[in-house]
Amino acid sequence: MSGFLGELWEFMRERKKFWLAPIIIMLLLLGGLIILSEGSAVAPFIYTLF
């Protein structure tokens, strides 16, 4: 996994695509939120947001 992140960082730095960083971070946070809340009592409330 660190190889992938390293290559992604090199790509963004070399091609000046730093605008991708906020998009990637938000996708990771939303994915983590959905995965963590999948089996909890909070899940129905989170799914209503989407």
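The structure reproduced in this document is the subject of the present report. Quick caveat: nothing in here was measured; it's all calculated off a predicted structure. (Residues numbered from 1 in each chain as written. Predicted model: local features only at pLDDT ≥ 70, side-chain atom pairs only at ≥ 80, totals over all residues. Heavy atoms only, no water.)

1. Notes on the overall build of the protein
Then comes step 1: From N to C terminus, the protein includes three helices and zero strands.
Then comes step 2: When the helices and strands of the protein are read in sequence order from the N terminus, they spell out α-α-α.
Then comes step 3: Counting over 50 residues, the protein shows a buried share of 8%.
Then comes step 4: Taken as a whole, the protein presents about 4400 Å² of accessible surface, with 74% of it coming from carbon and sulfur. (Helix = DSSP H or I, 4+ residues; strand = E, 2+ residues; numbered from the N terminus. Buried < 20%, exposed > 50% of the residue type's maximum accessible area, 1.4 Å probe, protein only. Areas by Shrake-Rupley, 256 points an atom, 1.4 Å probe, with all protein chains shown as cover.)

2. Some words on the packing of aromatic side chains
Then comes step 1: The full count for this structure, using the stated rule, is one aromatic pair.
Then comes step 2: Arranged with centres 5.8 Å apart and planes meeting at 55 degrees, the rings of Trp9 and Phe18 form a pair that is tilted. (Phe/Tyr/Trp six-rings, centres within 6.5 Å; stacked < 30°, edge-to-face > 60°.)

3. Structural notes on helix H1 (residues 2-15)
Then comes step 1: With 14 residues, H1 extends 20 Å from end C-alpha to end C-alpha; this agrees with the ideal 20 Å at 1.5 Å per step.
Then comes step 2: Two residues or fewer after H1 comes Lys16, characterised by a positive phi angle close to 60 degrees. (Expected span 1.5 Å × (residues − 1).)

Structural measurements only, silent on function.
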